[in-house]
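# Understanding the architecture of this molecule
The lines below spell out each chain.
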Amino acid sequence: MFEFTGFKVCAPFGSGHIGRGVAVLSLALVMVCSAQAVAVEAAGEGSEASASVRALEQIIETPMSIRESRRQAQQAVNDLSRDLQGLKTSVIALNRDLRVLEEDLLFPANTRLSVFVSLDVGEFFQLEGVELKVDGETVTSYLYSEAEREALAKGGMHRLHLGNVSAGDHTVSAFFVGLGPNGREYKRGTTLDFTKNVGPKYIELSIADSEARQQPEFGIREW
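Residues numbered from 1 in each chain as written. Predicted model: local features only at pLDDT ≥ 70, side-chain atom pairs only at ≥ 80, totals over all residues. Heavy atoms only, no water.

## A word on the overall build of the protein
When helices and strands are counted, the protein shows three helices and 10 strands. Across the protein, helices and strands are ordered from the amino to the carboxyl terminus as β-β-α-α-β-β-β-α-β-β-β-β-β. Contacts spanning at least 24 positions in sequence make up 61% of the contacts within the protein whose residues lie at least 6 apart. Surface accessibility of the protein: about 15,300 Å² in total, with carbon and sulfur atoms responsible for 58%. (Helix = DSSP H or I, 4+ residues; strand = E, 2+ residues; numbered from the N terminus. Contact = heavy atoms within 4.5 Å. Areas by Shrake-Rupley, 256 points an atom, 1.4 Å probe, with all protein chains shown as cover.)

Have a look at this one:
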């Protein structure tokens, strides 16, 4: 008796060469059948693998799926940008409210004094700095950059000073430094006497060209 991969082949006792021939033939048939079964199984697995690869390639390379993925990604980016912009706007508004609240606490309306600088200058004066005194005491000294001068020349106003003064009579003095006609150093001063009543007080320091006099003019006035 011969055994091969779970099959048994029996040869009759005493059969001699004939029995052995039958056994060998049976063994060969078993080996051929097993090889065919393995080949069929491998072919089936190969077909399934190829089909999976083809399906995956089709999924990856489908233009519609690519466009949809890009659209979803862009939508996510847009949503995030809007959220960040909204957060930025909220932070700016909160800072503004906190600054107003701080000013109200530190500078109550009944004692508040605000001093602003305005500029209407052409060729006769280039502002470089301002020194401000209240009742003879220097409260602010400020140097202006080119960008700040341009902003003032376009109609902007700079709050030079925010402070407190008691009710009654006071004096404000401003000293301007810059370049006058022909690039010469130019220094001028102006003074205002005012009375502080109930409520905030606003004072404007103005600088303007005088075409008639061919030089800058410095003014100071109450609001």
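Now that the structure has been shown, we can carry on.
## Observations concerning the sheet that holds strand 4 (residues 126-134)
What the four strands build is an open sheet, ordered 5-4-7-8; its pairing is antiparallel. Of all strands in the sheet, those with a lone pairing partner are strand 5 (137-143) and strand 8 (185-196), marking the two edges. Strand-to-strand, the axes of this sheet are offset by a mean angle of 20 degrees, without reference to chain direction. Across eight bridges, the pairing between strand 4 and strand 7 (residues 168-179) is antiparallel. Bridge assignment links Glu-131 to a residue of strand 7, and that residue is Phe-175. In the packing of helix 3 (residues 146-153) onto the sheet, the strands contacted are strand 4 and strand 5, and the crossing angle to strand 4 comes to about 85 degrees. (Pairing = 2+ DSSP bridges. Axes fitted to C-alpha atoms, helices over the stretch in contact; angles between N-to-C directions.)

## Some thoughts on the nonpolar core
Formed by 25 residues in total, the largest nonpolar core has its most connected members in Phe-125, Leu-127, Phe-176, Ile-203, Leu-205 and Ile-207. Beyond its immediate sequence surroundings of up to four residues, Phe-176 is in contact with Phe-125, Leu-127, Gly-129, Val-130, Tyr-186, Lys-187, Arg-188, Thr-190, Leu-205, Ile-207 and Phe-218. (Core = buried A, V, L, I, M, F, W, Y, C linked by side-chain atoms within 4.5 Å. Buried < 20%, exposed > 50% of the residue type's maximum accessible area, 1.4 Å probe, protein only.)

## Some thoughts on the pattern of salt bridges
Under the definition given, this model contains six salt bridges. Put simply, Asp-79 and Arg-82 hold a salt bridge, and the shortest N to O gap is 2.1 Å. Of this pair, Asp-79 and Arg-82 both sit in helix 2 (residues 63-106), three residues apart, which is roughly one turn of the helix. Linking Arg-159 and Glu-103 is a salt bridge whose minimum nitrogen-to-oxygen distance equals 2.6 Å. With Arg-159 in strand 6 (residues 157-164) and Glu-103 in helix 2, the pair connects residues that are 56 residues apart, well separated along the chain. (Salt bridge = Lys/Arg side-chain N within 4 Å of Asp/Glu carboxyl O.)

## As for the pairing of strand 5
In terms of strand pairing, strand 4 meets strand 5 through six bridges, oriented antiparallel. Across the sheet, Leu-132 pairs through a bridge with Thr-140, a residue of strand 5. Here strand 4 folds back onto strand 5, and the loop between the two strands holds two residues, one of which, Asp-135, carries a positive phi near 55 degrees.

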